[in-house]
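Listed here are the chains, written in short residue letters.
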Amino acid sequence: MHGQKGAMTRRQRHELKLGLFFVSPYLMGLAVFLVGPLLASFAFSFTKYDIFNAPKWVGLDNFKSLAVDRLFWVSLWNTAFYTAFAVPLGMCTAFVLALLLNRKMAVRPLFRTIFFLPSIVPLVAASVLWVWIFNSQYGYLNWTLRPACNLVSFLTGSRFNPPNWLQSPYWAKPALVLMSIWGVGGTMVLYLAALQDVPKSLYEVADIDGATAFHKLRHVTLPMISPILLFTLLMGLIASLQTFTQAYIMTKGGQPGVSTLFYCLYLFQNAFEYFRLGYASAMAWVLFAVIAVITAIMFKVARRFVYYEGSAE
Amino acid sequence: MKRGTVFTHVAVAGLSLVFLFPFVWLLTSAVKPDALLKQFPPVWVFPPTLQHLRELFAPDSPFQFGQFLANTLFVCTFTVMGNIVSSSMVAYGFARLRWPGRDFLFYAMLGTMMVPAQTMMIPVFLLFRKLGWIDSFLPLVVPPLFGNAFFIFMLRQFFLTIPRDLLDAARVDGHGETAIWWRVVMPLSIPALAVVGLFSFLGAWNDFVNPLIYLFDETRYTLSLGLAMFQGQYETQYGRLMAASALMTCPIVVLFFFTQRTFIEGIKMTGIKG
């Protein structure tokens, strides 16, 4: 040993070199595709940059413009609206499906496959398909809704028509929410796996105590699967805030009007259609900040509501 | 008790019809004659036609399925290989080697998984532009060579389950760590590597944003970009659109039926949802 403070032994140096060698692909990727670009886009967010001319320092101008950009707030609102419905409704649907499949039943694998299958349909293909499903004149969705509408019309005496979905500024976002629920199969598989991991003995004890089905759900099932609920909630929020493809394809860049102009769509338009790279970088950092805050809050909340097996408190 | 079981079956059967119906609509529309497509209420029984498929395979079709498929498979192949080799190598470094700073870097990596790709998108685009890689496959196939945090995490968890004695025996035999990783750990990890392969294949097959940003020449379109562009041009040709959509979806569904177990395992291991 060389007695120098903080110096490593030869063995440690060798271990470090070996370890760094193995993780070197990731380290290089981290520098080139994450840390570097992250810092660069932070710097760009204080500039005016159109790709063709060198970036020009403008201080906080981009952020000041964002604050008064109507479309920025509209896109934020659209994204928040979509997220507020798509994520909880998707989780509830996945949970109900998982609960149903977790009961004693014939041909369970078949049903599991059917519910799972939509989630692997390529998003672009699904988007093209759902445009046709949502077609207000010929789509099958309105064909199935028409009898219900006729019934309501008959009962109330005034005419009710099925919505125009993607052509209507009020129904376009709910339409996209509906489509997202079709793809909850992956979440359902996660919930189903978690449900099957809940020890049977807990339910037996609850039975002895005379617990009702609701009590068992509330006091056994939900706490036991709360880690996976938190995980899917966080992942769902992060993914939903980045919604892009559906809106790009199905509603032609945010139509009707700007009712489906989602945050990442507007960001993309600024970057690659208007070549406002500085402005788009500022938007990208706002998104990053929002996601970081949400993640932090979720972990805070998790400590109160999530039960981790084996954690002693 | 009995009534509950009946209720469950009815509910599940009903819901499964709701989830299946879009597939029925996709397939029937793909083989429905143009004259019947725009009829309300929809016609469900009709003589099927291959007209739409034939139009797609015509030499002047704007949706060149063969070409787009070849491009997609090219990107998929490199993505899968890059991810398997790099992610497993990095995972080995995190799982089976002890070195100062390892755990810090590992947790830092987990933290990076929540950074939205959009934040890096613009500088990465400028970098590839500087390298002259725009309108080539390089921006799609090079990044996977550096590993992927999700896959590294998953493989690390799997590698940790390999008994220590096995690796120590190989060390005593005089094998270096590289040989141990490649010849001992990799063959033992086929199930986990299959998950990585499958999910990175799906990721590359479904990716839309990157092809949209980097590919411009039609001869280089992937299926997802080609289908999106086709939809933009032929908005109202629902028969052809559904045929093209079905062509893009079918290989994935077939793949799913052959690899169901891997799929389900993968979802449980990573929490990535398809």
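Examining the overall build of chain A
Link 1 in the chain: Within chain A, the regular secondary structure consists of 13 helices and 2 strands.
Link 2 in the chain: The C-alpha radius of gyration computed for chain A amounts to 25 Å, which surpasses the reference 20 Å derived for 313 residues by more than 25%, pointing to a less compact arrangement than a globule.
Link 3 in the chain: Projecting the C-alpha coordinates of chain A onto the three principal axes gives extents of approximately 85 × 60 × 35 Å.
Link 4 in the chain: With 313 residues in all, chain A has 37% of them scored as buried.

Things to note about the overall build of chain B
Link 1 in the chain: Each helix and strand in chain B was counted, giving 15 helices and 0 strands.
Link 2 in the chain: For 274 residues, the compact-globule estimate of 2.2 N^0.38 gives 19 Å, and chain B exceeds it by more than 25% at 23 Å.
Link 3 in the chain: Projecting the C-alpha coordinates of chain B onto the three principal axes gives extents of approximately 75 × 65 × 35 Å.
Link 4 in the chain: The buried share of chain B, reckoned over its 274 residues, is 41%.
Link 5 in the chain: Expressed as a percentage of contacts within chain B between residues at least 6 apart in sequence, the contacts between residues at least 24 apart total 75%.

Concerning the environment of A:Met250
All names here are of chain A.
Link 1 in the chain: By the element assignment, Met-250 lies in helix α11 (residues 245-250).
Link 2 in the chain: Taking the number of C-beta atoms within 10 Å as the measure of exposure, Met-250 has 23 and is therefore buried.
Link 3 in the chain: Along the sequence, Met-250 and Tyr-138 sit 112 residues apart, while their C-alpha atoms lie 16 Å from each other.
Link 4 in the chain: The contact partners of Met-250, leaving out residues within four places of it in the chain, are Ser-127, Trp-130, Val-131 and Leu-166.

Comments concerning the interface of chain A and chain B
Link 1 in the chain: Counting from both sides, the interface comprises 71 residues of chain A and, opposite them, 73 residues of chain B.
Link 2 in the chain: The greatest single-element share of the side of chain A that touches chain B, amounting to 19 residues, is contributed by helix α1 (residues 10-44) of chain A.
Link 3 in the chain: In the side of chain A that touches chain B, the residues fall into 55 nonpolar, 13 polar and 3 charged.

Some words on the domain arrangement of chain A
Link 1 in the chain: Here chain A is partitioned into domain 1 (1-32) and domain 2 (68-305).
Link 2 in the chain: On a C-alpha basis, the centres of domain 1 of chain A and domain 2 of chain A stand 44 Å from each other.

Remarks on the confidence of the model for chain B
Residue and element names in this part refer to chain B.
Link 1 in the chain: Of all residues in chain B, 97% attain a pLDDT of 70 or more, and the chain-wide mean is 91.
Link 2 in the chain: Per-element confidence in chain B is highest for helix α7 (residues 138-141), whose mean pLDDT is 97, and lowest for helix α15 (residues 260-270), whose mean pLDDT is 78.
Link 3 in the chain: Across the assembled chains, the prediction reports ipTM 0.92 with pTM 0.91.

Some points on helix α8 (residues 185-197) of chain A
In an α-helix, one turn spans 3.6 residues; hence positions three or four apart end up facing the same way.
Link 1 in the chain: Between its terminal C-alpha atoms α8(A) stretches 19 Å, which fits the 18 Å expected from 13 residues at 1.5 Å a residue.
Link 2 in the chain: Looking at α8(A), one finds that the buried residues are A:Gly185, A:Gly186, A:Thr187, A:Met188, A:Val189, A:Leu190, A:Tyr191, A:Leu192 and A:Ala194.

Here's the deal with the packing of α8(A) against helix α10 (residues 213-241) of chain A
Residue and element names in this part refer to chain A.
Link 1 in the chain: In contact at an axis separation of 10 Å, α8 and α10 are set at 150° when each is read in the N-to-C sense. With respect to α10, the axis of α8 lies roughly antiparallel. Crossing handedness for the pair α8 and α10: right-handed. Judged by residue contacts, Thr-187, Leu-190, Tyr-191, Ala-194 and Leu-195 of α8 engage Thr-221, Ile-225, Ile-228 and Thr-232 from α10.
Link 2 in the chain: In the contact of α8 with α10, the residues fall into 6 nonpolar, 3 polar and no charged.

Reading guide: rules and limits
- The residue numbers shown here count from 1 along each chain, following its written sequence.
- In the order they appear in the text, chains get letters beginning with A and ligands get numbers beginning with 1.
- Confidence filtering applies because this is a predicted model: local features only for residues at pLDDT of at least 70, side-chain atom pairs given and counted only at 80 or more, and all residues used for totals across whole chains, interfaces and linings.
- Numbering goes from the N terminus for both helices and strands, where a helix is a DSSP run of H or I of at least four residues and a strand is a run of E of at least two.
- Note that the radius of gyration is over C-alpha atoms, with the globule rule given as 2.2 Å times the number of residues to the power 0.38.
- Around each residue's C-beta, the other C-beta atoms within 10 Å are counted; 20 or more make the residue buried, 12 or fewer make it exposed, and counts in between make it partly exposed. All C-beta atoms are placed from the backbone.
- By the convention adopted here, residues make contact when the C-beta atoms placed from their backbones lie within 7 Å.
- Three classes are used, and their members are as follows: Ala, Val, Leu, Ile, Met, Phe, Trp, Tyr, Cys and Pro are nonpolar, Asp, Glu, Lys and Arg are charged, and the others, Gly among them, are polar.
- These domain limits were set by an automatic method or by a database of domain assignments.
- On a scale of 0 to 100, pLDDT captures the predictor's confidence in every residue.
- Take the residue count of a helix, subtract one, and multiply by 1.5 Å to get its expected span.
- Structural elements are reduced to axes, namely lines fitted to C-alpha atoms, with helices fitted over the stretch in contact, and the angle between N-to-C directions of any two is expressed from 0 to 180 degrees.
- Oblique is the label for any angle not covered by the other classes, which are roughly parallel (under 35 degrees), roughly antiparallel (over 145) and roughly perpendicular (65 to 115).
- For any helix crossing, the convention is left-handed if the near helix is rotated counterclockwise from the far helix by under a right angle, and right-handed if that rotation is clockwise.

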